[in-house]
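Each chain is listed here by its residues.
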Amino acid sequence: QVHAVESGGGLVQAGGSLRLSCAASGRTFSNYAMGWFRQAPGKEREFVAAISWSAVMTYYADSVKGRFSISRDNAKNTVYLQMNSLKPEDTAVYYCATRFTYIHDVNTISEYGAWGQGTQVTVSS
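Residues numbered from 1 in each chain as written. Predicted model: local features only at pLDDT ≥ 70, side-chain atom pairs only at ≥ 80, totals over all residues. Heavy atoms only, no water.

Colleague: An account of the packing of aromatic side chains is requested, with residue identities and associated values reported.
Modeller: A complete count under the given rule lists five aromatic pairs for this structure. Aromatic pair Tyr32 and Phe100: ring centres 5.3 Å apart, planes at 75°, arrangement edge-to-face. One end of the pair, Tyr32, is in the loop between β3 (18–25) and β4 (34–39); the other, Phe100, is in the loop between β9 (92–99) and β10 (112–113), with 68 residues separating them in the sequence. Residue classification places Phe100 among the partly exposed positions, given a relative accessible area of 38%. Ring centres of Phe37 and Trp115 lie 5.0 Å apart, and the angle between their planes is 65°; this geometry places the pair in the edge-to-face category. Of this pair, Phe37 sits in strand β4 while Trp115 sits in the loop between β10 and β11 (119–124), placing them 78 residues apart in sequence. Given the relative accessible area of 0%, Phe37 is considered buried. The structure contains a cluster of three or more aromatic residues connected by ring pairs, namely Phe37, Phe47, Tyr95, Tyr112 and Trp115. (Phe/Tyr/Trp six-rings, centres within 6.5 Å; stacked < 30°, edge-to-face > 60°. Helix = DSSP H or I, 4+ residues; strand = E, 2+ residues; numbered from the N terminus. Buried < 20%, exposed > 50% of the residue type's maximum accessible area, 1.4 Å probe, protein only.)

In structure tokens, the structure reads:
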């Protein structure tokens, strides 16, 4: 079992940066790929980024590519999302989750579980 708690959200001006953290509990954190998703008001939850268990592979949504960076520290059971050049359209609740299945593409929500409670990111213009 892996449980996650996100932190690091807040209010930032457009062009600014934030670093989100996701602390995962459970003995087998290092065995799992992890993902970040976000959900804006009135919109469906969408994929942001994912990282393989070894951190060798990373994946990004086109909307954040070149601005966001995902990383992990398996010794600390933590995955990070560094967000630079933030835009008002990045405003959302950001969630991390554990990838449990490999049936569909990495950006498919149904591949993930053990969702955290989310952390709010608000980008002002």
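Colleague: Describe in detail the sheet that holds strand β7 (residues 68–73), supporting the description with residues and values.
Modeller: Pairing in this open sheet of four strands is antiparallel, and the strands run β1-β3-β8-β7 from one edge to the other. Each edge of the sheet is formed by a strand with only one pairing partner; in this case those strands are β1 (3–7) and β7. Averaged over all pairs of adjacent strands, the angle between strand axes in this sheet comes to 20°, irrespective of strand direction. Across six bridges, β3 lies against strand β8 (residues 78–83) in antiparallel orientation. In the sheet register, Ala23 faces β8, and the bridge partner there is Thr78. (Pairing = 2+ DSSP bridges. Axes fitted to C-alpha atoms, helices over the stretch in contact; angles between N-to-C directions.)

That's the geometry; what it means functionally is another story.
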